Amino acid sequence: MYAQAPGRVNIIGEHVDYNDGFILPFAIDKVTKVSVKASEKNYHTMHSKGFDQKAVETNQILRTGEWTDYVKGALYYLEKDYDLTISPLEIHIESNIPLGAGLSSSAAIEVASLLSIAGFFNLNLADKELYLLAQKIENEFVGVNCGIMDQFISVMGKKDKAVFLDTMNMQYDYVDINFADSHFFVLDSRVSHSLGDGDYNARRAECENALKKMGKASFREIDLIFLNTKKDILSTVEYKRSLHVLTENERVLKCKSALESGDGEKVGALLSETHISLRDNYECSCEEIDYLVEELNKLEHINGSRIMGGGFGGSIIMLTDKNFEEKDLEELNKSYHELYNVKFKVHRVSPSKGACIVE
Ligand code: GLA
């Protein structure tokens, strides 16, 4: 039995999936495949190219801080929440999602593991169960307090479409990506300044505190006029975080319309606006990425770009026109290397289907 699940990019709607906001991600054409078969041993084995093979006792499904945690999380919750008795398995993982590039390789391995193990035992998980269970693995087994975006889109992605998701009520719509002449690229800066999950959790806490001080349960209950009447009772940081959330939701709505009318220039301009808000208000960018975004936006065939994902380093998403060629970035990569002693990597990404069992 084998299943595959894709990584993702997020066009726009950053740091709002845990703030009741709108997001616009798509699943990409890079996947993790997990195959499962019965083992003759009396323990599970997990193997992935480039990593050591691991043996896991069937009654010792515990977090160990290794890559196998994502798979063990799947075994753990399928046994605990679905009463499955999981006999020893041989689990093999293969992936072409670049690791550490902010393309959600972890959501992909969680979703593909759940799908293939559940499938092996003839357990049929509905899409919603699948993405919620994958998020539970990340939140409670691995211990990363992420929102729903990565797991949701890895399950729900569709070819040639992005998904507009309202994370307040989980209502969603597919949006065609039908630019005749624009393409999305991810540029992996290969720098990270994140202090683990500390920065991400700090941003979440700042948003919660801001809401509490304003006496509101959700950012959807307030607008910019209301926020400005509360400026005095908020710290500067809380005000800026709130400003990002409110303006980001507006940009996502505008971006949805621009995508629907195939207006690549408008989409690009909105990406660049989001970057400024993430840099100045959410303060989750860094010097290297700011440098790259500024230089990218000067190039002729780039419509716009911004830092993507959790932030503090990681990747940039950019939209180009049809005349763009990857060699247009060679000079920039040279100057980036001279300044920061590291080279970025570029990946072209296309909207692709979500997770599935492979027959
Ligand atoms: C990470 C999390 C997502 C989301 C983004 C920021 O990728 O896993 O849930 O919060 O950061 O938009």
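What this report covers is the structure whose coordinates are included nearby. What you see is a predicted model, and the numbers here were worked out from it, not measured in a lab.

1. Description of the overall build of the chain
1) Next: Tallying secondary structure elements over the chain gives 10 helices and 13 strands in all.
2) Next: Counting only C-alpha atoms, the chain reaches 60 × 50 × 40 Å along its principal axes.
3) Next: The 359 residues of the chain split such that 55% are buried.
4) Next: Counted over contacts in the chain with a minimum sequence separation of 6, partners at least 24 positions apart contribute 70%.
5) Next: Of the roughly 15,800 Å² of accessible surface on the chain, a fraction of 45% belongs to carbon and sulfur atoms.

2. So, the site of the ligand
1) Next: As a structural note, the neighbourhood of the ligand is formed by Arg-8, Glu-14, His-15, Asp-17, Tyr-18, Cys-146, Gly-147, Met-149, Asp-150, Tyr-200, Gly-309 and Gly-310.
2) Next: At 2.6 Å, a side-chain N or O of Glu-14 approaches an oxygen atom of the ligand.
3) Next: At a separation of 2.7 Å, an oxygen atom of the ligand approaches a polar side-chain atom of Asp-150.
4) Next: In the complex, the protein chains occlude 91% of the 310 Å² of accessible area that the ligand would expose alone.
5) Next: Classifying every residue of the shell around the ligand gives four nonpolar, four polar and four charged.

3. Side note on the packing of aromatic side chains
To describe a pair of aromatic rings, you give the distance between the ring centres and the angle between the ring planes.
1) Next: Scanning the model with the defined rule gives 16 aromatic pairs in all.
2) Next: A centroid spacing of 5.4 Å and a plane angle of 45 degrees characterise the contact between Tyr-76 and Phe-141, whose relative ring orientation is tilted. In this pair, Tyr-76 is assigned in helix α1 (residues 69-82) and Phe-141 in helix α3 (residues 127-142), connecting sequence segments 65 residues apart.
3) Next: Of the residues examined, Phe-141 reaches a relative accessible area of 7% and is grouped as buried.

4. Overview of the pairing of strand β3 (residues 25-38)
1) Next: Across eight bridges, strand β1 (residues 2-10) lies against β3 in antiparallel orientation. Directly across from Ala-3, in β3, lies its bridge partner Val-34.
2) Next: Taken together, the seven bridges between β3 and strand β6 (residues 89-95) define a ladder with antiparallel strand orientation. The partner of Thr-32 across the bridge, within β6, is Ser-95.

5. What about the packing of α1 against α3?
1) Next: At a minimum axis separation of 9 Å, α1 and α3 run at an interaxial angle of 115 degrees. It follows that α1 is roughly perpendicular to α3 by the angle criterion. Here α1 and α3 pass one another in a crossing that is right-handed. Contacts between α1 and α3 involve Asp-69, Tyr-70, Lys-72, Gly-73, Ala-74, Tyr-76, Tyr-77, Leu-78, Asp-81 and Tyr-82 from the first element and Glu-129, Leu-133, Lys-136, Ile-137, Glu-138, Glu-140, Phe-141 and Val-142 from the second.
2) Next: Looking at the contact of α1 with α3 residue by residue, the class counts come to 10 nonpolar, one polar and seven charged.

6. Details of the state of the cysteines
1) Next: Inspection of the entire model under this criterion finds zero disulfides.
2) Next: Looking at Cys-286, it has no disulfide partner, and the nearest cysteine sulfur is the one in Cys-284, 9.5 Å off.
3) Next: Since its relative accessible area comes to 10%, Cys-286 is described here as buried.

7. Here we look at the sheet that holds strand β11 (residues 313-321)
1) Next: Spatial strand order, β10-β11-β9-β12: four strands in an open sheet with antiparallel pairing. Whereas interior strands pair on both sides, the edge strands pair on one side only; in this sheet they are β10 (302-308) and β12 (345-349). For this sheet, the mean inter-axis angle between neighbouring strands, taken without regard to orientation, is 25 degrees.
2) Next: With five bridges joining them, strand β9 (residues 182-192) and β12 adopt antiparallel strand pairing.

8. Looking at the side chain of Ser-277
1) Next: For Ser-277, the position within the fold is in helix α8 (residues 264-280).
2) Next: Using a relative accessible area of 5% as the deciding quantity, one classes Ser-277 as buried.
3) Next: Sequence-distant contacts of Ser-277, that is, excluding residues within four places in its chain, are made with His-244, Thr-247, Arg-251 and Tyr-282.

9. Observations concerning the layout of surface pockets
1) Next: Counted as a void, the second largest pocket has a volume near 160 Å³.
2) Next: Every residue lining the second largest pocket is listed: Phe-22, Phe-219, Arg-220, Ile-222, Asp-223, Leu-224, Leu-246, Asn-249, Glu-250 and Leu-253.
3) Next: Among the elements that take part in the lining of the second largest pocket, helix α7 (residues 236-260) stands out by supplying four residues, more than any other.
4) Next: Residue classes in the lining of the second largest pocket are distributed as six nonpolar, one polar and three charged.

What counts, and where the lines are drawn
- Residues numbered from 1 in each chain as written.
- Predicted model: local features only at pLDDT ≥ 70, side-chain atom pairs only at ≥ 80, totals over all residues.
- Heavy atoms only, no water.
- Helix = DSSP H or I, 4+ residues; strand = E, 2+ residues; numbered from the N terminus.
- Buried < 20%, exposed > 50% of the residue type's maximum accessible area, 1.4 Å probe, protein only.
- Contact = heavy atoms within 4.5 Å.
- Areas by Shrake-Rupley, 256 points an atom, 1.4 Å probe, with all protein chains shown as cover.
- Near = heavy atom within 4 Å.
- Polar contact = N/O pair within 3.5 Å; in protein donor to acceptor, adjacent residues only side chain to side chain.
- Nonpolar A, V, L, I, M, F, W, Y, C, P; charged D, E, K, R; others polar.
- Phe/Tyr/Trp six-rings, centres within 6.5 Å; stacked < 30°, edge-to-face > 60°.
- Pairing = 2+ DSSP bridges.
- Axes fitted to C-alpha atoms, helices over the stretch in contact; angles between N-to-C directions.
- Parallel < 35°, antiparallel > 145°, perpendicular 65-115°, else oblique.
- Left-handed = near helix turned anticlockwise from the far one by under 90°.
- Disulfide = S-S within 2.5 Å.
- 1 Å grid on protein atoms, 1.4 Å probe; cavity = no way out; pocket = protein on both sides within 12 Å on 5 of 7 lines; lining within 4 Å.
- Points joined across faces, edges and corners; volume = space filled by probe spheres on them.

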